[in-house]
Amino acid sequence: SSSKLLIKGGTVVNAHHQQIADVYVEDGIIVAVQPNIKVPDDVTLLDATGKYVMPGGIDPHTHLAMEFMGTETIDDYFSGQAAALAGGTTMHIDFVIPVNGSLVAGFEAYEKKAKKSCMDYGFHMAITKWDESVSREMEIMVKEKGINSFKFFMAYKGSLMINDELLLQGFERCKSLGALAMVHAENGDAVFEGQKRMIELGITGPEGHALSRPAVLEGEATARAIRLAKFVNTPLYVVHVMSIDAMEEIAKARKSGQKVIGEPVVSGLVLNDSGLWDPEFITAAKYVMSPPIREAGHDKALQAALSTGVLQLVGTDHCVFNSTQKAFGIDDFRKIPNGVNGIEERMHLVWDTMVESGQISVTDYVRITSTECARIFNIYPRKGAILAGSDADIIIFNPNSSFEISASSHHSRTDTNIYEGRKGKGKVEVTIVGGRVVWKDDELKVVPGCGKYIEMPPLSYLFNGIDKADAKYRSSLKAPVKRFKSTS
Ligand code: URP
Ligand code: ZN
Ligand code: ZN
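About the cut-offs
Residues numbered from 1 in each chain as written. Chains lettered and ligands numbered in written order. Predicted model: local features only at pLDDT ≥ 70, side-chain atom pairs only at ≥ 80, totals over all residues. Heavy atoms only, no water. Near = heavy atom within 4 Å. Polar contact = N/O pair within 3.5 Å; in protein donor to acceptor, adjacent residues only side chain to side chain. Areas by Shrake-Rupley, 256 points an atom, 1.4 Å probe, with all protein chains shown as cover. Nonpolar A, V, L, I, M, F, W, Y, C, P; charged D, E, K, R; others polar. Donors = N, O, S within 2.8 Å, 3.2 Å for Na, K, Ca; no water. Buried < 20%, exposed > 50% of the residue type's maximum accessible area, 1.4 Å probe, protein only. Tetrahedral: all angles 85-135°; square planar, octahedral: opposite > 155°, others 65-115°. Core = buried A, V, L, I, M, F, W, Y, C linked by side-chain atoms within 4.5 Å. Contact = heavy atoms within 4.5 Å.

Caption draft 1: How the structure looks around the site of ligand 1. Lining the immediate surroundings of ligand 1 are 13 residues, of which Lys151, Tyr156, His184, Ser290 and Asp317 lie closest. Within the side chain of Asp317, an N or O atom sits 2.6 Å from a nitrogen atom of ligand 1. Asn338 is positioned such that a nitrogen or oxygen atom in its backbone is 3.2 Å from a nitrogen atom of ligand 1. Protein burial of ligand 1: of its 270 Å² of free accessible surface, 99% is covered by the chains. Residues belonging to the shell around ligand 1 are distributed by class as follows: 4 nonpolar, 7 polar and 2 charged.

Printed below as a string of structure tokens:
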């Protein structure tokens, strides 16, 4: 049976254009976007007069049902996605964690976890160690499994961290596969020393986490990753940019023409750590994430960088643990599972912080919350646009209404919310995913199992120009070879 949906009278916003128009949807696909569409029979009609009709949010960075630091994040593919939909996000890209070092086994495990999905999703692959078999399996991921991005860890010494030699090999491998190298950029060796220093000083509480890994270590690793990517001549994506130090390295590289993408996350954009390290353990531990939430000033600078295009898209790093799990670190901050919420709050907080404050336009908002992510990961315009032929993942946003955040009303399974009590202007009133209305009148009606896996093809567009630069580099190597020729 065919399902029909007509959204009347709203302002349809794409990343480069907005117009008053109706949006007509059939069987989950947008069929027409134009003014005054005649109302067909048996149609679900939604009135969007005075409201924005925008592409659903795409969160480029989440961790649902992830095993991490001796436990598992408590939002799984159902609860995490339900929360996302209630907040206007209709797709996310989650990080697959290899199983016993196998990418294929990791992929299969995440396929199972994702069976209860109620919205579309894609995968990045985390690289948790490096050897020949991992390198081989990367090809399977790219050519057969629809993964086009791999995250390398410069931090988490002793578990996920790899050294520069292996990082370079990983970058080379990404390049040869047309995949995007991503980095968690903190100097893991220095963090390890910083942690020892804190423990020696008797600082064992959550504030020790932040003090042990200051912004300078994020700046150092970001600079190093950028230079190593330049040496390999491959594009680089820096995840969870939390500091001025990291942002300025990205700005410099981009100005020089290097292909570097910077992803701030909501917590880094809207929070700073003044007053965060409450003596009450749980009150403070809920904010522990890596890289940490920084001192005042970093937040505003990251906002500015987002508004000028130095940073390109906003993620959440949604990685949620409840108070019981956070309490693993009650005697030692090194055991606090790292991660904060955000998947449900992102669309509202970015609107309030960036649009309502006058820093960016509504079209820019669509770009940084949806379109840019779809473009980077090569799924545009199926996702990230309201165009005929695109998937009907749509939100109706009322700029004159308001939102309020609380753990007592959020849809995540966690018992705390790092944005507790926060209010602001603007509200996602309706979420449509795959042509179905799933969020309306503050009521969520999600259907487990209807989310689809979105394969992301290799990033040929991003490698345009890189082949040419490589050819030029190779030909530049010829002359010196002659000079040192043996004369015997
Ligand atoms: O604290 C964080 N960010 N937890 C999730 C894992 C990661 O490094 O992204
Ligand atoms: Zn990370
Ligand atoms: Zn993350």
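Caption draft 2: Inspection of the coordination of the zinc ion (ligand 2) at higher detail. Looking at the zinc ion (ligand 2), one finds its protein donor set to be Lys151 (NZ), His184 (ND1) and His240 (NE2), positioned 2.1 to 2.2 Å from the metal centre. Sequence spacing of the donors to the zinc ion (ligand 2): K-x32-H-x55-H. Of the residues examined, His184 reaches a relative accessible area of 0% and is grouped as buried.

Caption draft 3: Fine view of the coordination of the zinc ion (ligand 3). Every protein donor of the zinc ion (ligand 3) is listed here as His61 (NE2), His63 (NE2) and Asp317 (OD), and their distances to the metal cover 2.0 to 2.1 Å. Classification of the site at the zinc ion (ligand 3) as irregular follows from its 4 donor atoms and the range of 86 to 137° in their angles at the metal. Counting along the primary sequence, the residues that act as donors to the zinc ion (ligand 3) give the motif H-x1-H-x253-D. Between the two metals, the zinc ion (ligand 3) and the zinc ion (ligand 2), the spacing is 4.0 Å. For the pair His61 and His63, a shared accessibility class is recorded, and that class is buried.

Caption draft 4: Quick look at the nonpolar core. Counting 94 residues, the largest nonpolar core has Met54, Phe150, Phe152, Phe171 and Val183 as the members making the most contacts within it. If we ignore the near neighbours within four places in the chain, the residues touching Phe150 are Leu103, Met125, Ile127, Met138, Met141, Val142, Cys174, Ala179, Leu180, Ala181 and Met182. In terms of nonpolar packing, the next biggest core, distinct from the first, is built from 21 residues, Ile58, Phe95, Ile261 and Cys373 among them.

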